[in-house]
Amino acid sequence: MTATSLINPARADDASDNQFVAVPPTVLADTRDGTGGVGSAKVPAKGQITFQVAGQAGIPTSGVSAVALNITAVGAEKSGWFTVHPSDAPTTVSTLTFYPGENVTGEDFTRLTGTGMVSVVNNSDSPVHIVVAGRGYFLSATDTQAGNEYYPTGAEYLYDTRPGHVTGSPAREAIPIPGNSSVTIDVAGQRSIPATGANAVALNVVAWSQGQNGWLSLHPSDQPGNNVATVDYVPDETNSSFTVAQLTGSGKLILDNRGSGTVHVALTLRGFFMATAEAGGGGYVTVPSKVIVETITGAGVPGGSTQPLAPGQSVTFDVTQGIDLGDKAMASAALTIQARRPTDKGWLTVYPSEEGDPDISSVNYDQAESTTGFDLVMPDSEGHVTITNRGPGTTHVQVSLRGYFTDPPADDLATEDLATTSDNAFVYVCGGANERSPWLHTTDMHGIWRDHPGGRGSFWVSWCGRGPYTVEVSSDVWDDYSDGYCVVAEVRLDGKRWQMGGRACPKGRHAKASFTFRKVWAAHVRVCRRKGNRVYNCSAWR
């Protein structure tokens, strides 16, 4: 078996892949004091600000395709929303919604055009202050400056202070963060994040059980704090926001509670960025912002339903629609997600359809308040994403695509052959350390595929020593039905999907494959059906 026998499934558009560079949060525009040349007064109803981004705050003057921005509405007098876009490419897609008496912060990956400028439009009937800060930028693939590639992890808890949910390091023992205080959080080496090499993490930050107004900010532990909000919170609500937080050599983040009262916090991980020299990560492709699901109009909704999502109800859609994926895989989609006209408090979970609801929020919403959030979501093997309403009332949803990350070509990852092994005979000891960690999973596909039962597969995954790991993966797959599909094994390494060599087809065939993968932090396996270059009805990742 050779490296070229590994084939990436589902694939994406022949556009430039861009590399990410994190910068310390820096204000680019602030109408409270005129930073960015935007004036020092509230932006009037239906007014806008336009300001220079390229060449500011460490962002290069050219070669930048998109910027990671924090956008904050301050002192709103009436409800409204912001649209954020390149100065010469207006959009009607909401980036942030706000309400009177509340400061609200959100994040966006905003496309840049040749002007190097960004516009923010106040779509409300009253004035509001606007603050915009940069957290990083994406370099075009033709640029000579080194950037970083993205490794999606899927949604998982990194840190949580709530009773019954305490997780992370150092654990806080279900004690909220006091007012005007800070906590230091271990990030490098936690969950799926490597112990060294990661220089930014993609997080969703949630504030819970607060009794007073305030805000949270994040910064590396070896850098001073900043006045850029990550999440603004208000009493009797659960407030959340996506952010890309820079990591430095300390591998730790400090979370500052800039309110006078206590607050519980939860940080959930979406992925991390590492230098391109590590290989295996994904680059970013920008697209003009477009709505792909809208339950109010029925656009993009299976069957065209215009009904809101009932409690526990879901909508599933193809996030790759309208994109020619060519020979690249979509590893993660950058989505703006809006809960519209909710009738009660709740939250939305957004996840790969085949993997099931992780019960981790992407957008938290309050009763009668439309709320807009941003998230990076991994599609499943067929490009599908599911949104589930986890509130006791109904809500409409709108989803727009801002861009996506791609998987690199299959031959970017060095592999070497291993001898195949018989069942229950996989034994591996590395370097004399005897730290073998056998990870045996058998996935029986019977009963999962209602129309196409397909076949069976089993795996042996073993690693040892300290990360980054050398991982050995061995698979056996069987085709049990004459349905025109093959049965294949897939492995996901640091968020990148591979098909292991060998396909079981037609009925009665058995295929085995074994490989060594080097410099790996996280590995998962699953079984899928395959026809042509597409895979279908995959089991959950294990």
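Refer to the structure above for everything that follows.
Residues numbered from 1 in each chain as written. Predicted model: local features only at pLDDT ≥ 70, side-chain atom pairs only at ≥ 80, totals over all residues. Heavy atoms only, no water.

### Concerning the overall build of the chain
Rule in force here: Helix and strand assignments come from DSSP, with helices taken as H or I runs of at least 4 residues and strands as E runs of at least 2, each series counted from the N terminus. A simple rule labels every residue: compare its accessible area, found with a 1.4 Å probe on the protein chains alone, to the largest value its type can have, and call it buried under 20%, exposed over 50%, or partly exposed in between. Areas reported as accessible are Shrake-Rupley estimates using a 1.4 Å probe. Residue values count occlusion only from the protein chains shown.
Scanning the chain from N- to C-terminus turns up zero helices and 33 strands. Counting across all 542 residues of the chain, residues that qualify as buried make up 57%. On the chain, roughly 19800 Å² of surface is accessible, and the fraction owed to carbon and sulfur atoms is 47%.

### Considering the sheet that holds strand β2 (residues 48–52)
This is how it is decided: The rule for pairing is simple: two strands pair if DSSP sees at least two bridges between them. Axis angles are defined between N-to-C directions and span 0 to 180 degrees, where every axis is a line fitted to C-alpha atoms and, for a helix, only to the segment in contact.
Spatially, the four strands line up as an open sheet ordered β2-β7-β4-β5, and their pairing is antiparallel. Two strands lie at the open edges of the sheet, namely β2 and β5 (96–98), each paired on one side alone. For this sheet the average axis-to-axis angle between neighbouring strands, irrespective of direction, equals 20°.

### Observations regarding the pairing of strand β19 (residues 329–340)
Counting buried residues along β19, 11 of its 12 residues qualify, which places the element largely inside the surrounding structure. Here 11 bridges tie β19 to strand β24 (residues 396–407), and the two strands are oriented antiparallel to one another. The partner of M330 across the bridge, within β24, is T406. Strand direction decides the pairing type here: β19 and strand β22 (residues 371–377), joined by seven bridges, are antiparallel. By the bridge assignment for β22, A333 is matched with V377.

### Here's the deal with the sheet that holds strand β20 (residues 346–352)
Strand order in the open sheet formed by four strands is β18-β23-β20-β21, and the pairing between neighbours is antiparallel. A strand with exactly one partner marks an edge of an open sheet, and here the two such strands are β18 (314–318) and β21 (363–365). Ignoring strand direction, the axes of neighbouring strands in this sheet form an average angle of 20°. Here β20 runs beside strand β23 (residues 384–389); their pairing, made up of five bridges, is antiparallel.

### Quick look at the nonpolar core
Under the convention used in this document: Residue types Ala, Val, Leu, Ile, Met, Phe, Trp, Tyr and Cys, when buried and joined through side-chain atoms within 4.5 Å, form a set referred to as a nonpolar core.
Core analysis: the largest hydrophobic core is formed by 29 residues, its most contacted members being F51 and F82. Of all the elements in the fold, those that place two or more residues in this core are β1 (19–30), β2, β3 (64–74), β4 (80–86), β5, β7 (117–124) and β8 (129–139). Tallying contributions element by element places β3 first for this core, with five residues. Formed by 28 residues, the second largest nonpolar core is a distinct cluster that contains V187, L203, V263 and V265.

### Comments concerning the side chain of T320
Definition in use: Residues count as neighbours in contact if any of their non-hydrogen atoms are within 4.5 Å of one another.
Inspection of the secondary structure assignment puts T320 in the loop between β18 and β19. Judged by its relative accessible area of 11%, T320 is buried. If sequence neighbours within four positions are ignored, T320 has contacts with L325, M330 and G383.

### Description of the side chain of T105
The test is simple: Under the rule applied, a polar contact is a pair of N or O atoms within 3.5 Å (in protein, one hydrogen donor and one hydrogen acceptor; residues adjacent in sequence only if both atoms are side-chain atoms).
Mapped onto the secondary structure, T105 falls in strand β6 (residues 104–111). T105 sits in the buried class, given a relative accessible area of 6%. A polar atom in the side chain of T105 sits 2.3 Å from the side chain of D232. Not counting residues up to four positions away in its chain, the partners in contact with T105 are N70, I71, T72, L96, A229, T230, D232 and S241.

### Some thoughts on the packing of aromatic side chains
Keep this limit in mind: Two rings belonging to Phe, Tyr or Trp (six-membered ring only in the last case) form a pair when the distance between their centres is within 6.5 Å. Interplanar angles under 30 degrees mark stacking, angles over 60 mark edge-to-face geometry, and anything in between is tilted. Note on criteria: charge over ring means Lys NZ or Arg CZ within 6 Å of the ring centre, with the direction from the centre no more than 35 degrees off the ring normal.
Summed over all chains, the structure comprises 15 aromatic pairs. Pairing F242 with F374 gives two aromatic rings, centres 5.1 Å apart and planes at 65°, and the pair type is edge-to-face. Of the two residues, F242 is situated in strand β14 (residues 239–246) and F374 in strand β22; the sequence distance between them amounts to 132 residues. Taken together, the ring pairs connect F20, F109, F138, Y150, F242, F273, Y284, F374 and F405 into an aromatic cluster. In this arrangement the basic side chain of R162 is found over the ring face of W208, its NZ or CZ atom lying 4.0 Å from the centre.

### Some remarks on unusual backbone geometry
Residue P170 is reached from S169 by a cis peptide bond, and omega for that bond is -10°. For P170, the location among the structural elements is in the loop between β9 (148–160) and β10 (181–186). Positive phi, normally seen in glycine, also occurs at D236, with a value near 65°. Looking at where D236 falls in the secondary structure, it is placed in the loop between β13 (231–233) and β14. Exposure remark for D236: the relative accessible area of 62% places this residue in the exposed category.

### A short note on the pattern of salt bridges
In plain terms, the rule: In the sections that follow, a salt bridge refers to a side-chain nitrogen of Lys or Arg positioned within 4 Å of a carboxyl oxygen of Asp or Glu.
Using the criterion set out here, one finds 13 salt bridges in the structure. Close ionic contact of D160 with R162 constitutes a salt bridge, the shortest N to O distance being 2.7 Å. The exposure classification of D160 matches that of R162, with both residues buried. One salt bridge connects K252 with D186, and the closest N-O pair in it is separated by 2.4 Å. Residue K252 is located in strand β15 (residues 252–257), and its partner D186 is located in strand β10; the two are separated by 66 residues in the primary sequence. You can call D186 buried: its relative accessible area is 15%. One network of salt bridges, in which partners are shared, links D357, D359 and R390.

### Re the pairing of β14
Burial of β14 is extensive: seven of the eight residues sit out of reach of the surface. As paired elements, strand β11 (residues 198–208) and β14 share eight bridges and run antiparallel to each other. By the bridge assignment for β14, A202 is matched with V244.

### A closer look at the environment of A45
Tracing the chain through its elements places A45 in the loop between β1 and β2. Separated by 35 residues in the primary sequence, A45 and G80 have C-alpha atoms spaced 9.3 Å apart. Aside from chain neighbours lying at most four places away, what touches A45 is N122, S124, D125, S126 and P127.

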